[in-house]
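Survey of secondary and tertiary structure
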Amino acid sequence: MSPVDGIGIDNRDLPVDRAVNEGRVPDRSPQEIPELHEVDCPEELRRRIEELMSKYPDRKSASIPALWAVQRLYGWCTPEGIRQAAAVMRVTPAYLESVASFYDLLHTEPVGGHKVHVCTNISCWMRGGDELLDAFRAAAGEDADLFVTGFECLGACDIAPMASIDERYFGPLETGEAATAIEQLRAGAEVLPEKALEKRPLPGGPDA
Amino acid sequence: MPETRLLLKHAEDPALRTLAGYRGYGGYASLEKAYKEMEADEVLKELEDSGLRGRGGAGFAMGKKASFLPRGEMDKYLCCNADESEPGAFKDRELMQRNPHQLIEGIAIAALAAGAGHAFIFIRGEYDSQADVLDAAVAEAYEAGYLGEGIRGTRRDLELVVHRGAGAYICGEETALLDALEGKRGNPRLKPPFPAVQGLYGGPTLINNVETLSNVPHIVRNGAEWFKGFGTEQSPGTKVVSVSGCVRRPGNYEVELGIPTRELIMDLAGGPAEGREVKAFYPGGSSSPVLRAEEGLDLPYSFEAMAEAGSMLGSGSIIVADDSVSIPHMALRTARFYHHESCGKCTPCREGTNWTVKMLERVVRGEATPMDLDIVASVQENIIGHCLCVLGDSMAMPVGAMVRKFREEFEEAIAAASEGAPAVAERIPVVQGAPETLGAST
């Protein structure tokens, strides 16, 4: 089956589930809840999900946290990982897949280990967010370990243009700093320490 | 006028994040007072009397909302909406990062007023660092007996769970938030029943924004009358306002509601770069109808003044566009966001956002005719009020306002491109002004 290119919008690499376009057929019947002995779930993952379920009045509330746990373990929400979580939670894999495919931060396709989200929304766009995204793309090249994508507003318009690098915020960034950040990621060094959001003072200064 | 800091007071002190630091500034005294010296109804009355309005967008009276929950022994819930995802808004991030215990104390007191035994903070998945701060603070609060069973030696209990979302703007809509918290795709629900009657797990549920709940300890400590001494009659209190876009000092400023909008944009945030002028601004996040500089700058920054001007205070997030910003491109950028974030449940929103993006793309490519602008406008009218939630309206209102108020600019964009000006290929150019002149590194 040849993939249909895009769904008619210029999505600027916003996450689009390819399964939607390609009509991917699930490997197994989606209705069955797998048994634990069928899925070879790592002990640590099972314990983590059970602990998560115990925090809520209804165990299904743990579906997003459980998928986070799967993603942290495998790098993305792999079909096997989803089956393992489903077996622990006693829900169908299709149910968890429906949840995973709804949310932008949960990946149902393989992605690189380092995740760089560059905001391209209104305030960042005004201050050069598109150029910053291009610079990160150019610096990352074809490196499969780096996942660089444009993203909708990350809630940090005060440091526009900004990027979320491995779930930490950095800005305001010059386009040249994209290459620096990518080098630091590759070298396993601390990324742009002086541009970390946590180190930023209030714009109005200390209390008057 | 300088800032008036209540919620952001001492926020520069990193120790404020810790229980010891927070207590050092008098923190948790309100919780002790409410739990040990007050009846739940008294707390509720204090909140109602304060006139505190919701800071998440709708501006509904917080005490009144809490009073809608049925009385009596049953499983009731409180959800703190920390899914701050509206373009332009970043105040909740600041409040959680710098003062997590203020929020936890507010949640505990509000839960007492509402009779809720279970509380949740639904924080957007992107705020990983802030979720870590909250996790640490919640653990400290449990340890010190401010949460859990028998709070501070009383017979009152409260469980609080920090729940991370996974990236979906729609989850900031209160019923979609409930679905997401129940472990489903975040689709909005039909209202009524409202969450106060039937919300999380079918139980009565109070849903409030981070900033709203962060006000609660201050009201309980100092009283409703004190609180009403700040702001205007219809908009009491202070507001943490996120100012961003074409200004020199973007960031969060806490001010009394009702101060001139000009002071916020021009004085506190420093106004646009040298040689530039404010052209328009969103007064309350990307979903508020934009105001032209001449109609908006001299308005008081309050719920009522913004509503009267045909816009809204919303989440209190100002995005400033200076005269270098192309309004058709800004409209497209806005529409794309809502198109991407539409959950797809209701047709007017799913299709309306999609077609609006396509038509605005035609506009900036110079493929549209002036008649298309009327179609864009009519699509917006057909979205508003026709969906389960207001996500579609949130695009329709600002885009509709931009087409109405800057129609010449849309027509010029069409004419210029059709006369051979370079059409926009696969991406939209950034503002004509150079971003570096905006003082991005200050």
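None of these values were measured; they are calculated from a predicted model.

Some points on the interface of chain A and chain B
Taken together, the 51 residues of chain A in the interface contact 68 residues of chain B. Here the residues of the side of chain A that touches chain B are counted per class, giving 28 nonpolar, 9 polar and 14 charged.

Overview of the domain arrangement of chain B
Interfaces are often described in size by the accessible area the parts lose on coming together. Residue and element names in this part refer to chain B. In terms of domains, chain B is made up of domain 1 (14–228), domain 2 (238–322) and domain 3 (327–418). When each unit is reduced to the centre of its C-alpha atoms, the spacing between domain 1 and domain 3 is 35 Å. When grouped by side-chain class, the residues that make up the side of domain 1 that touches domain 3 number 7 nonpolar, 2 polar and 2 charged.

A short note on the sheet that holds strand β3 (residues 163–165) of chain A
Residue and element names in this part refer to chain A. In spatial order, the strands read β2-β1-β3-β4; together these 4 strands make up an open sheet with mixed pairing. With one partner strand each, in any of the chains shown, β2 (146–151) and β4 (168–170) form the two edges of the open sheet. Ignoring strand direction, the axes of neighbouring strands in this sheet form an average angle of 25°.

Quick look at helix α8 (residues 174–181) of chain B
When you tally the buried positions in α8(B), you get 7 out of 8 residues, the bulk of the element. Of all the residues in α8(B), the buried ones are B:Glu174, B:Thr175, B:Ala176, B:Leu177, B:Leu178, B:Ala180 and B:Leu181. Taken together, the buried residues of α8(B) touch α4 (63–74) of chain A together with β1 (77–82), β2 (118–123), β3 (159–164) and β4 (205–209) of chain B. After α8(B) finishes, the residue B:Gly183 shows a positive phi value of roughly 90°.

Notes on the packing of helix α6 (residues 100–114) of chain B against helix α7 (residues 128–143) of chain B
Residue and element names in this part refer to chain B. Following both chains from N to C, one finds α6 and α7 inclined at 55°, their axes separated by 9 Å at the closest point. Between α6 and α7, the angle is such that the two are oblique. In this structure, the crossing between α6 and α7 has a hand that is right-handed. For the pair α6 and α7, contact is made by Pro100, His101 and Ile104 and by Val133, Leu134, Ala137, Val138 and Ala141, respectively. Each residue belonging to the contact of α6 with α7 can be placed in one class, and the counts come to 7 nonpolar, 1 polar and no charged.

As for the sheet that holds strand β5 (residues 238–245) of chain B
All names here are of chain B. Strand order across the open sheet formed by 5 strands is β6-β5-β9-β7-β8, with mixed pairing between neighbours. A strand with exactly one partner marks an edge of an open sheet, and here the two such strands are β6 (251–256) and β8 (291–292). Sheet topology places strand β7 (residues 278–282) next to strand β9 (residues 317–322); 4 bridges connect them, and they run antiparallel. Bridging from a neighbouring strand, tyrosine 282 pairs with isoleucine 319 of β9.

Digging into helix α6 (residues 93–102) of chain A
An α-helix turns once every 3.6 residues. As a result, residues three or four positions apart point the same way. Residues and elements named next belong to chain A. Summarising burial for α6: 7 of the 10 residues are buried, a large majority. Buried within α6 are the following residues: Pro93, Tyr95, Leu96, Glu97, Val99, Ala100 and Phe102. For α6, the elements touching its buried residues are α4 and α5 (79–89).

Brief notes about the packing of α4(A) against α5(A)
Residues and elements named next belong to chain A. One way to put it is that α4 packs onto α5 with a least axis distance of 10 Å and a crossing angle of 140°. The angle between α4 and α5 places the two elements in the oblique class. Classified by chirality, the crossing of α5 by α4 is right-handed. Counting all contacts with α4, which are made through Ser63, Ala66, Leu67, Val70, Leu73 and Tyr74, the residues of α5 involved are Gly81, Ile82, Ala85 and Met89. By residue class, the composition of the contact of α4 with α5 is 8 nonpolar, 2 polar and no charged.

Brief notes about the pairing of β6(B)
Residue and element names in this part refer to chain B. Within β6, 6 of the 6 residues are buried, leaving the element largely enclosed by the surrounding structure. Sheet topology places β5 next to β6; 6 bridges connect them, and they run antiparallel. Within β6, the position partnered with lysine 239 by the bridge is valine 255. Hairpin connection of β5 to β6: 5 residues between the antiparallel strands.

Here's the deal with the environment of B:Pro2
Structurally, B:Pro2 can be placed in the segment before α1 (19–24). C-alpha of B:Pro2 to C-alpha of B:Glu254: the two residues are 252 residues apart in sequence and 9.1 Å apart in space.

Cut-off values and rules
- Residues numbered from 1 in each chain as written.
- Chains lettered and ligands numbered in written order.
- Predicted model: local features only at pLDDT ≥ 70, side-chain atom pairs only at ≥ 80, totals over all residues.
- Contact = placed C-beta atoms within 7 Å.
- Nonpolar A, V, L, I, M, F, W, Y, C, P; charged D, E, K, R; others polar.
- Domains from an automatic or database assignment.
- Pairing = 2+ DSSP bridges.
- Helix = DSSP H or I, 4+ residues; strand = E, 2+ residues; numbered from the N terminus.
- Axes fitted to C-alpha atoms, helices over the stretch in contact; angles between N-to-C directions.
- Buried ≥ 20, exposed ≤ 12 C-beta atoms within 10 Å, placed from the backbone.
- Parallel < 35°, antiparallel > 145°, perpendicular 65-115°, else oblique.
- Left-handed = near helix turned anticlockwise from the far one by under 90°.

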